[in-house]
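# An overview of the molecular structure
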Amino acid sequence: MEPTGTIVFASVGVTNFGFDVFSVAVPTPASAEAEAGVSAQELDERRHTDGVSVNFNAQFADDAGDAVAFVSERTGAASLFLSRPPGSESDRPEPLPAAEGSLFHDRPTVRGGRVYFVSAHEKPDRTFQSWAAVYAARVGERKAEPERLTPRGVVDMSPAVSASGDLIAVASYGDRPWAFDFRVLETEVAVFRAADPSRRAVVAPRGGWPAWHGDSALFFHRVADDGWWSVFRVGVSPDTLQPTGPERRVTPPGLHCFTPAAPAAAGGGRWIAVATRRKGRAQRHVELFDLEMERFSPLTELLNPGLHHYNPFFSPSGARLGYHRFRGAGAPGDALVPHLQPVRSPVPSIRMLRVYGTFPSFSPDAAHLAVNGDFFMTPGIRVLRSDGSKRWTVSKEPNLFYTTWSPTEPGVVFTSMGPIFETTKATVRIARVEFDPADLTDDDSRVEVGVATVRPLTRPEAGNDAFPAVSPCGRWLVFRSGRTGHKNLYVVDTARGEDGGVLRLTEGEWIDTMPSWSPDGSLIAFSSNRHDPANPAVFSIYLVRPDGSGLRRVYVAGPEGSAEADKERINHVCFSPDSQWLLFTANLGSVVAEPISGPNQFQPYGDLYVCRLDGSGLRRLTCNAYENGTPAWGPASAGLGLESLAIGPPAGEDALGQFDEPLWLTCDV
């Protein structure tokens, strides 16, 4: 029997809507070197995409004027489109051929009537391996099955097509098992012919994001030995596919340079373009780097100094340089971050919605959701109608994280009160939040409920108590506590808290966390590293009865005793409404794109999966470059106003373009 219902989840680091593809005129070397610099008018910034959803990672299409091939999330998943050149009868982009049913596509390039791209629709033979591979399809043949260019068992990302269209370069993980690197991927740069992809050569043993300069040279990025992300160059023989000399570092230390682009023609100029991150500057900007003079010329900082700019690309002639960025507050197109956004589900019986917030939980009648904000900018608890049409603030109390709605009390939400991501001794308390559900009205002037009370249920001296879950009868609360110096599970009364006594459910020198009570009341699921207590980075699913008996592990990645099973990093587990399935986040599918190429990369907790209670029936539900997590699973009736992916203007918040760089990237090398 297939899993059913509505799954609501958060995406940490999602691009918050508002990306479009733009381009500027490439200045001549003389004008770029002039002391006065280049004016914004000379740069002539143009927008190539239509302001619908999130649009990124583009390339100019050959023989198509200003048209670009790009990725868009407008269909509820990352899909491929070709923009219409100026003057076309319609401004709506044309869908490009891709892999039918794929939840993830990336880096499309149109050359010689074919489109080359990354897709992640074919499941590898083993867990902990990326699904990313490179494919090609004939433009105009949308129903045809794309040709896989990546050998079976091999992982390829970031394809680049040479000027002639004959050669493909990729950032490849090869057929090696994933080493759980997700900040700096240990990929190599490999080259093969479009007509004979089985014959491959590695031209750089470490590197990513290749960019062709003609058919005989490649630029790529990697972290240099001194710690700075830098651009390197290697010559390539078009005949043998072998490097024609040693690789050479192109950009200097002292700043980060990544995602290089080069003019397609070998004689296309002395510039390359790079995205840079400089000391003292919070934004990523696109700059030109003069290969002869070995100096930078700013571009996007002259136009939009307060915005991030990503992943440059040249037009075939080299006259224009593209990138994607936040389209700007008030710009034409989508202007809101939706409260709820439909996401394409690979399981027809499951509806999936992304919430703008964290830790959602369903009300007893599934008509509403309780959510947190982002922990720092928008603390407290909010209530959202489950079709996303309206939102209210329940409590502005700072340092509230996690929500679990009482199944028997419509006006009670339980939460954690205190700092998140702290040690066992930090004071974090389980709290009961009470409000009047009658305040959740259609009155447009009411965005806050009346007075809500926040009452702690656990004692401050107990240490770090967090992640409560309520029994289906509404009387008991299971939570994680560090009161003994180790994080284990405990149960208290939902009304009296510790005043009614505390029952210890699990015990040991490991971490038991994030419990979830099954809707039928028979089981509690949680994440734990008890199988490897010395390693705080590995978690698996465990089940236990509410009386503490019958504890067992659910094996997902591999059978008991296998090396694969002990590499699981599983968390955020919860039950299906019928108590027959488990929903969780996991690292089982590695990563599908180079993390440095986008903002806010938190992988590899990365994707949502479901399985039966015995670990069978494993299904992957999300596949993208974000970290998807903190899910809640409600009935199929929840969110019925969002059953269509084309629902018109959503309710949401203004998109402000405040994107962070990956949190692990610093300029303090």
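Residues numbered from 1 in each chain as written. Predicted model: local features only at pLDDT ≥ 70, side-chain atom pairs only at ≥ 80, totals over all residues. Heavy atoms only, no water.

An unreviewed UniProt entry annotates the chain as Dipeptidylpeptidase IV N-terminal domain-containing protein originating from Sorghum bicolor.

## With respect to the pattern of salt bridges
In the structure shown here, the tally under the stated rule is 37 salt bridges. Across the salt bridge formed by E409 and R432, the nearest N and O atoms sit 2.7 Å from each other. Of this pair, E409 sits in the loop between β33 (400-405) and β34 (412-417) while R432 is found in strand β35 (residues 429-434), placing the two residues 23 residues apart along the sequence. Classification of E409 by relative accessible area gives partly exposed; the value is 25%. Assessed through its relative accessible area of 6%, R432 is described here as buried. A salt bridge links D607 to R620; the shortest N-O distance between them is 2.7 Å. Here R620 lies in strand β48 (residues 619-620) and D607 lies in strand β47 (residues 607-612), a separation of 13 residues in the sequence. (Salt bridge = Lys/Arg side-chain N within 4 Å of Asp/Glu carboxyl O. Helix = DSSP H or I, 4+ residues; strand = E, 2+ residues; numbered from the N terminus. Buried < 20%, exposed > 50% of the residue type's maximum accessible area, 1.4 Å probe, protein only.)

## Here we look at the pairing of strand β49 (residues 627-634)
Across the eight residues that make up β49, a large majority, eight, are buried. The pairing of strand β1 (residues 5-12) with β49 spans six bridges and is antiparallel. Within β49, the position partnered with I7 by the bridge is W633. (Pairing = 2+ DSSP bridges.)

## Considering the pairing of strand β20 (residues 255-261)
In terms of burial, β20 is largely enclosed, as seven of its seven residues are buried. Pairing of β20 with strand β21 (residues 271-278) involves five bridges; the strand directions are antiparallel. Directly across from A261, in β21, lies its bridge partner A273.

## Examining the environment of R295
With respect to the helices and strands, the residue R295 is situated in strand β23 (residues 295-298). Sequence separation between R295 and T251 is 44 residues, and the spatial gap between their C-alpha atoms is 8.6 Å.

## Re the sheet that holds β47
Reading across the sheet, the four strands line up as β45-β46-β47-β48 and stay open at both edges, with antiparallel pairing between neighbours. Two strands lie at the open edges of the sheet, namely β45 (571-575) and β48, each paired on one side alone. Direction of pairing for strand β46 (residues 581-586) relative to β47: antiparallel, over a ladder of six bridges. Within the sheet, the bridge partner assigned to A586 lies in β47 and is D607.

## With respect to the sheet that holds strand β12 (residues 155-161)
With respect to topology, four strands assemble into an open sheet ordered β12-β13-β14-β15, the strand pairing being antiparallel. For this open sheet the edge positions go to β12 and β15 (196-204), each flanked by a neighbour on one side alone. Adjacent strand axes in the sheet meet at a mean angle of 30°, parallel and antiparallel pairs treated alike. Two elements, β12 and strand β13 (residues 167-174), share five bridges in a ladder whose sense is antiparallel. By the bridge assignment for β13, D156 is matched with S172. (Axes fitted to C-alpha atoms, helices over the stretch in contact; angles between N-to-C directions.)

## Considering the nonpolar core
One finds F104, I541, L543, V556, L582 and F584 to be the most contacted residues of the largest nonpolar core, which totals 69 residues. Considering every element that reaches this core, the biggest residue donor is strand β10 (residues 133-138), with five residues. Look past the residues within four positions of L543 in its chain and what remains in contact with it is L523, I524, A525, G550, L551, R552, V554, F575, L582 and L613. Ranked by size, the runner-up nonpolar core spans 16 residues in total, among them A204, W212, L218 and V236. (Core = buried A, V, L, I, M, F, W, Y, C linked by side-chain atoms within 4.5 Å. Contact = heavy atoms within 4.5 Å.)

## A word on unusual backbone geometry
The phi dihedral of S158 is positive, around 50°, even though this residue is not glycine. On the secondary structure map, S158 appears in strand β12. Taking relative accessible area as the criterion, S158 reaches 2% and is therefore assigned buried. Phi is positive for T259, which is not a glycine, with a value near 45°. Mapped onto the fold, T259 is located in strand β20.

## A few points about the packing of aromatic side chains
Throughout the structure, instances matching the rule amount to 17 aromatic pairs. Here F220 and F232 contribute two aromatic rings whose centre-to-centre distance is 5.9 Å and whose plane-to-plane angle is 15°, an arrangement assigned as stacked. Taken together, the residues span a long stretch of sequence, with F220 in strand β17 (residues 217-223) and F232 in strand β18 (residues 229-235) at a distance of 12 residues. On the basis of relative accessible area, F220 is assigned to the buried category, the value being 0%. (Phe/Tyr/Trp six-rings, centres within 6.5 Å; stacked < 30°, edge-to-face > 60°.)

## Side note on the side chain of D66
Inspection of the secondary structure puts D66 in the loop between β4 (55-60) and β5 (68-72). A polar atom in the side chain of D66 sits 2.7 Å from the side chain of R46. (Polar contact = N/O pair within 3.5 Å; in protein donor to acceptor, adjacent residues only side chain to side chain.)

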